[in-house]
Amino acid sequence: MKAWQAGLASALAGIAVWQAVVSLTGLPRFILPPPALVAETIWDNRALLAHHAGITFAEVLIGLALGAILGGLSAIGLAASPLARVLVRPMLVFSQAIPVFALAPILTLWLGFGLGSKIAMALIIIYFPVTSSFFDALMRTDRDWLGLARVMGATPARIMWHIRIPAALPGFASGLRLAAVYAPIGAIIGEWVGASQGLGYLMLLANGRAKTDLMFAALITLAVLTLLLHAAVNKACEKTLDRPSG
Amino acid sequence: MRAPALHLSGTARIGDQPIFAGLDLQVGAGQWTCLLGASGVGKSTVLRLFAGLTEGLVLEGQCGASDGSLAGQVALMAQDDLLLPWLPLVDNVLIGARLRGDRPDRAAALDVLRRVGLADHADKHPSELSGGQRQRGALARTLMEDRPIVLLDEPFSALDALTRAQMQDLAAEVLADRTVLLVTHDPGEAARLGQRIVIMTHGGLEEVATPDTPIPRPMEAPDVLQAQAALLTQLRRLA
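Source: prediction; values computed, not measured.

A. Highlighting the pairing of strand β8 (residues 196–201) of chain B. Residue and element names in this part refer to chain B. Among the six residues in β8, six count as buried, and that is most of the element. Residue alternation in β8 divides its side chains into two sets, R196, V198 and M200 and I197, I199 and T201, and both sets are buried. Examined bridge by bridge, strand β3 (residues 32–37) and β8 share five bridges and lie parallel to one another. By the bridge assignment, G37 is partnered in β8 with M200. Pairing of β8 with strand β9 (residues 204–208), which is carried by five bridges, proceeds in the antiparallel orientation. Its bridge partner lying in β9, M200 is registered against L205. Linking β8 back to β9 in an antiparallel pair, the connection comprises two residues.

Structural data, given as structure tokens:
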């Protein structure tokens, strides 16, 4: 069975379970709307959903791009400089002890209700996984390659550019794959705390008006968006950063 | 090319862990010296010292070349081909130039690949090559470095018998007149390629007589077989 077939079968099974729960428990539709109603809501509100999804998607993409660039550069800087490792790494680890959610109100205060605070949330949430998986890969370069390069008379900067970075790109790719799943979380948190557009905003709005079907519609849109993003990043990584073993 | 002689004497340790003591090794200029010995006796450390890969190593003694510094004079080839999997073969051959910031001479690299019989494989990635071809690629990269001193760390031991014999012939041909130090576990290889054969033990070095014929010696020649048998006997006695 191919991956998409497995995905489809799994989705159908999920919908069947969902319908069964609705039928068996008789929950009112403002608590748990049946799948058919949600599908109808998605179709009826397609323009609205597309608009808000576009906003969220833009936040996620910009956050992802900036996070990848900043994370990549940080990892290289840390790998290149023992001093940077001593000074910055404890700070990075400490920063992970701060729940990202707790930063959202501050970011909204600093950056306002527009795209900026959401992009910052997405960036912050993916920065650590990108940096740390790339950094770990940079520090795991085959010692024999490094030895050979030194015998050849290489400078540390050229070893970094010609050997350590290319060798670590698959590690960077696994960081980016994680980032593609995390970045939407950051954007949605940002939207919950304060926004006038975006899927997170739409979900809160729908929830407040007991439009549970619309909330589900937004949720499903977000999930599909995240899956597509992950698939696209995965494909791009396979084409550019991964390499066949051997 | 005028290849220098090498010398290494003294005691080496990693931290408090002694590797070898009281060693006095001379490697003749422009010839193949084979270094044998049990695992853990410090053969690889000898190569690392000559290669300048002294991280964590402490040598109380001397290590150098007859014409001065070893820096920039040494090329290294190991059991693992160490080809970079993301680069085509020709760029692997040119990696030394790139790492030094020299202008990569593609024509020269293709010429070297032709010499080792890989002219048709220049644009292939290492994963598309057989083990023997990859090791030829590593030899091409070593040749491209064009250094008077070549350190070989069991470069043929992972190859099948036929490929190994071919690689020995090829290496003896293309590395002629250089100072070659070959670390090997294979008495047959030493008997074919050694213009001098030395066994390293914890007690010091033992010289072994070699056939008086040019290398690569045919492996079926009586004196080569005899040398191989004598070497094996001596290795067993020392083990």
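B. Highlighting the packing of aromatic side chains. Throughout the structure, instances matching the rule amount to three aromatic pairs over all chains. Taking 5.5 Å as the distance between ring centres and 85° as the angle between the ring planes, the aromatic pair formed by W145 of chain A and W86 of chain B counts as edge-to-face. Of this pair, W145 of chain A sits in helix α7 (residues 143–151) while W86 of chain B sits in the loop between β5 (74–78) and α2 (89–93), placing the two residues on different chains. We note that W145 of chain A, like W86 of chain B, is buried. The ring of W43 of chain A has R46 of chain A sitting right over it, with the charged end atom 4.0 Å from the ring centre.

C. Seen up close, helix α4 (residues 82–95) of chain A. For α4 of chain A, built from 14 residues, the straight-helix expectation of 20 Å at 1.5 Å per residue is met to within 8% by its first-to-last C-alpha distance of 20 Å. Its maximal kink placed at V88 of chain A, α4 of chain A deviates by approximately 35°, while the proline P90 of chain A follows within four residues.

D. Inspection of the sheet that holds β9 of chain B at higher detail. Residues and elements named next belong to chain B. Here we have six strands laid out as an open sheet, ordered β5-β6-β7-β3-β8-β9, and mixed in their pairing. Only two strands of the sheet have a single partner each, and these edge strands are β5 and β9. Each strand of the sheet is rotated relative to its neighbour by a mean of 20°, with strand direction disregarded. In this structure, β3 lies alongside strand β7 (residues 179–183), joined through four bridges in parallel fashion. Within β7, the position partnered with T33 by the bridge is L181.

E. Layout of the nonpolar core. F20, V46, F50, L99, L151 and L181 of chain B are the most contacted members of the largest nonpolar core, which has 42 residues in total. If sequence neighbours within four positions are ignored, L99 of chain B has contacts with A149, M152, G153, A154, T155, R158, I159, H162 and I163 of chain A. Among the nonpolar cores identified, the runner-up in size contains 40 residues, and V90, A109, L175 and L231 of chain B belong to it.

F. Structural view of the interface of chain B and chain A. With 23 residues of chain B in contact, the opposing surface of chain A contributes 22 residues. Both sides of the chain B and chain A interface together cover about 1900 Å² of buried area, and 68% of this is carbon and sulfur. Counting the surface chain B buries against chain A, the share from its top three residues, L82, W86 and L99 of chain B, is 36%. Between the two partners, chain B and chain A, sit two salt bridges. With its nearest N and O atoms 3.9 Å apart, the salt bridge here joins E55 of chain B to R143 of chain A.

G. View of the pairing of strand β1 (residues 6–14) of chain B. All names here are of chain B. The pairing of β1 with strand β2 (residues 17–27) spans eight bridges and is antiparallel. Within the sheet, the bridge partner assigned to L6 lies in β2 and is V27. Hairpin remark: β1 followed by β2, antiparallel, with two residues in the connecting loop; positive phi at G15, about 60°. Relative to strand β4 (residues 57–65), β1 is paired through nine bridges, and the arrangement is antiparallel. In the sheet register, T11 faces β4, and the bridge partner there is E60.

H. How the structure looks around the side chain of E191 of chain A. Residue and element names in this part refer to chain A. As for its position among the elements, E191 is in helix α8 (residues 156–193). Buried charged residue E191 carries no salt bridge. Nearest counter-charge: K118, at 6.9 Å. The contact partners of E191, leaving out residues within four places of it in the chain, are T56, E59, K118, Q197, G198, L199, G200 and Y201.

I. Layout of the pattern of salt bridges. Under the definition given, this model contains 16 salt bridges over all chains. In this structure, the salt-bridge partner of D242 of chain A is R177 of chain A, at a minimum N-O distance of 2.7 Å. Taken together, the residues D242 of chain A in the segment after α10 (212–240) and R177 of chain A in helix α8 connect sequence positions 65 residues apart. Judged by relative accessible area, D242 of chain A falls into the partly exposed class, the value being 26%. You can call R177 of chain A buried: its relative accessible area is 18%. Where E145 of chain B meets R100 of chain B, a salt bridge forms, and the shortest distance between an N and an O atom there is 2.8 Å. Residue E145 of chain B is found in helix α5 (residues 131–145), and its partner R100 of chain B is found in helix α3 (residues 95–100); the two are separated by 45 residues along the sequence.

J. Main features of the environment of A206 of chain A. All names here are of chain A. Its location among the elements puts A206 in helix α9 (residues 199–208). Residue classification places A206 among the buried positions, given a relative accessible area of 2%. Sequence separation between A206 and F216 is 10 residues, and the spatial gap between their C-alpha atoms is 9.1 Å. Excluding residues that lie within four positions of it along the chain, A206 makes contacts with K211, L214 and M215.

K. Looking closely at a nonpolar patch on the surface. Together, V17, V21, L27, F30 and I31 of chain A line one region of the surface with nonpolar side chains, adding up to about 440 Å² of accessible area. Mapping I31 of chain A onto the fold places it in the loop between α1 (3–25) and α2 (35–44).

L. Here's a closer look at empty space enclosed by the protein. In this structure the tally under the stated criterion is four cavities of 30 Å³ or more. Around the largest cavity sit W145, L148, A149, M152 and I163 of chain A together with L82, L84, I95, L99 and R141 of chain B, which together line it. Mapped onto the lining of the largest cavity, the elements with two or more residues apiece are α7 of chain A together with α3 of chain B. Examining the composition of the lining of the largest cavity, we find that three residues originate from one element, α7 of chain A, more than from any other. Class assignment of the residues belonging to the lining of the largest cavity gives a composition of nine nonpolar, no polar and one charged. Considered as a void within the structure, the second largest cavity measures approximately 50 Å³ in volume. Residue lining of the second largest cavity: L148, V151 and M152 of chain A together with V74, A75, L76, R141, T142 and E145 of chain B, and that is the complete set. Secondary-structure elements contributing two or more residues to the lining of the second largest cavity are α7 of chain A together with β5 and α5 of chain B. When its residues are assigned to classes, the lining of the second largest cavity shows six nonpolar, one polar and two charged.

Conventions we followed
- Counting from 1, residues in each chain are numbered in the order their sequence is written.
- All chains are assigned letters beginning at A, and all ligands numbers beginning at 1, according to the order in which they are written.
- A pLDDT threshold of at least 70 governs which residues receive local features in this predicted model, and a stricter bar of 80 or more applies before side-chain atom pairs are shown or counted, although totals over entire chains, interfaces and linings include all residues.
- To get the side-chain values, all heavy atoms of the structure are used, and hydrogens and water are removed first.
- Categorising residues by exposure relies on relative accessible area from a 1.4 Å probe, with only protein chains included: less than 20% of the type maximum marks a residue as buried, more than 50% marks it as exposed, and the intermediate range marks it as partly exposed.
- The numbering of helices and of strands both runs from the N terminus, where a helix is a DSSP run of H or I of at least 4 residues and a strand a run of E of at least 2.
- Strands are treated as partners if at least two bridges between them are detected by DSSP.
- Aromatic pairs are defined between Phe, Tyr and Trp rings, using the six-membered ring for Trp, whenever the two ring centres lie within 6.5 Å; interplanar angles under 30 degrees are classed as stacked, those over 60 as edge-to-face, and all others as tilted.
- Two conditions define a charge located above a ring, namely a distance within 6 Å from the ring centre to NZ of Lys or CZ of Arg, and an angle within 35 degrees of the ring normal.
- One less than the residue count of a helix, multiplied by 1.5 Å, gives the span that helix is expected to have.
- The angle separating two fitted axes, one through the seven residues that finish at a residue and one through the seven that start at it, defines the bend at that residue.
- For helices, the axis comes from a line fit to the C-alpha atoms of the stretch in contact; other axes are also lines fit to C-alpha atoms, and the angle between any two N-to-C directions lies between 0 and 180 degrees.
- Definition of nonpolar core: a set of buried residues of the types Ala, Val, Leu, Ile, Met, Phe, Trp, Tyr and Cys, connected through side-chain atoms within 4.5 Å.
- Note on contacts: a residue pair is in contact if any heavy atoms of the two residues lie within 4.5 Å.
- Each of two parts loses accessible area, computed with a 1.4 Å probe, when they are put together; buried area is these two losses added.
- Each salt bridge in this description consists of a side-chain nitrogen of Lys or Arg and a carboxyl oxygen of Asp or Glu lying within 4 Å of one another.
- Positive charges are assigned to Lys and Arg, negative charges to Asp and Glu, while His and the chain termini are left out of the count.
- For patch detection, residues must exceed 30% relative accessible area and be free of salt bridges, and they are connected within 9 Å for like charges or within 5 Å for nonpolar side chains (Val, Leu, Ile, Met, Phe, Trp, Tyr).
- Only the protein chains shown count as cover for residues, and all accessible areas are computed by the Shrake-Rupley method using a 1.4 Å probe.
- Method remark: on a 1 Å grid restricted to protein atoms, a set of points is classed as a cavity if a 1.4 Å probe fits but cannot get out and as a pocket if it is open with protein on both sides within 12 Å along at least five of seven lines; lining residues have an atom within 4 Å of a point.
- Grid points are joined across faces, edges and corners, and a volume is the space filled by probe spheres set on the points.
- Each residue gets one of three labels, nonpolar for Ala, Val, Leu, Ile, Met, Phe, Trp, Tyr, Cys and Pro, charged for Asp, Glu, Lys and Arg, and polar for the others, Gly among them.

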